[in-house]
Amino acid sequence: MSKADTSVKILSVNKKARFNYLIEESLECGIELKGTEVKSIRSNKFSYSDSYCKVIDGELWLTGFHISPYDFGNIHNHDPLRERRLLAHSSEIKKLGKKVAEKGYTLVPLKVYLKKGKVKIELGIGKGKKLFDKRESIKEKDTTRETLREIKNKY
């Protein structure tokens, strides 16, 4: 096995999800794509604003994940906002379904990356943060930034 086989290339990280949700657990899934969608993802032409996952009939479906049509595609380009099936083990899907059925929990995409040439997506089980939680996380971020700045200026 060469080094290129095990490499992971991170395409995008959903920072907004970590800000809006308290992530308790994460899971790596494959994503079922059609034709030119892979080329669009490889060229970073996608967006996860307002995207989430739901469990329907024992399958994971990604909703609201926008993949722009490939520039050099033909008339058989894909629908940018279609629902896409995620690939995971059935036992994991059942576990996620039970957790999401609880009040306040949702599945949000955290990261999109390439692993061994395949497009993967990391899902997180998150519980929505309240406004005061968001303020607290902003305050923590500011204090760490200030302490790092002081350390840098001191040395």
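Quick note: structure is the one above.
Residues numbered from 1 in each chain as written. Predicted model: local features only at pLDDT ≥ 70, side-chain atom pairs only at ≥ 80, totals over all residues. Heavy atoms only, no water.

**Student:** I tried to follow the environment of Glu83 on my own but got confused; where do I start?
**Tutor:** Along the chain, Glu83 falls in the loop between strand S6 (66–67) and strand S7 (84–87). For Glu83, a relative accessible area of 33% corresponds to the partly exposed category. When the C-alpha atoms of Glu83 and His66 are compared, they prove to be 9.4 Å apart, with 17 residues separating the residues in sequence. Those residues in contact with Glu83, other than ones at most four positions away along the chain, are Lys54, Trp61, Leu62 and Thr63. For Glu83, the side chain forms a polar contact with the side chain of Lys54, separated by 3.1 Å. (Helix = DSSP H or I, 4+ residues; strand = E, 2+ residues; numbered from the N terminus. Buried < 20%, exposed > 50% of the residue type's maximum accessible area, 1.4 Å probe, protein only. Contact = heavy atoms within 4.5 Å. Polar contact = N/O pair within 3.5 Å; in protein donor to acceptor, adjacent residues only side chain to side chain.)

**Student:** I would appreciate a short explanation of the packing of aromatic side chains in the present structure.
**Tutor:** Each aromatic ring pair is summarised here by two numbers: the centre-to-centre distance and the angle between the ring planes. Under the defined criterion, the tally for this structure stands at three aromatic pairs. With a centroid separation of 6.0 Å and 80° between ring planes, the pair formed by Phe46 and Tyr48 is classed as edge-to-face. A single burial state applies to Phe46 and to Tyr48, both of which are buried. Each residue in the set Phe46, Tyr48 and Phe65 is aromatic and connected to the rest through ring pairs, giving one cluster. Lying over the aromatic face of Tyr105, Lys99 brings its terminal NZ or CZ to 4.8 Å of the ring centre. The aromatic ring of Tyr113 is capped on one face by Lys111, whose charged end is 5.7 Å from the ring centroid. (Phe/Tyr/Trp six-rings, centres within 6.5 Å; stacked < 30°, edge-to-face > 60°. Lys NZ or Arg CZ within 6 Å of the ring centre and 35° of its normal.)

**Student:** Just to check I follow, could you spell out the pairing of S7 for this structure?
**Tutor:** Strand residues, when the strand is regular, have side chains that alternate between the two faces of the sheet. The side-chain alternation of S7 yields one buried face, formed by Arg84 and Leu86, and one unburied face, formed by Arg85 and Leu87. Of the strand pairs in this sheet, strand S2 (residues 21–31) and S7 are connected by two bridges, and their pairing is antiparallel. Within S7, the residue paired with Ile31 across the bridge is Leu86. Pairing analysis gives three bridges linking strand S5 (residues 59–63) to S7, with the strands arranged antiparallel. Bridge pairing links Trp61 to Arg85 in S7. (Pairing = 2+ DSSP bridges.)

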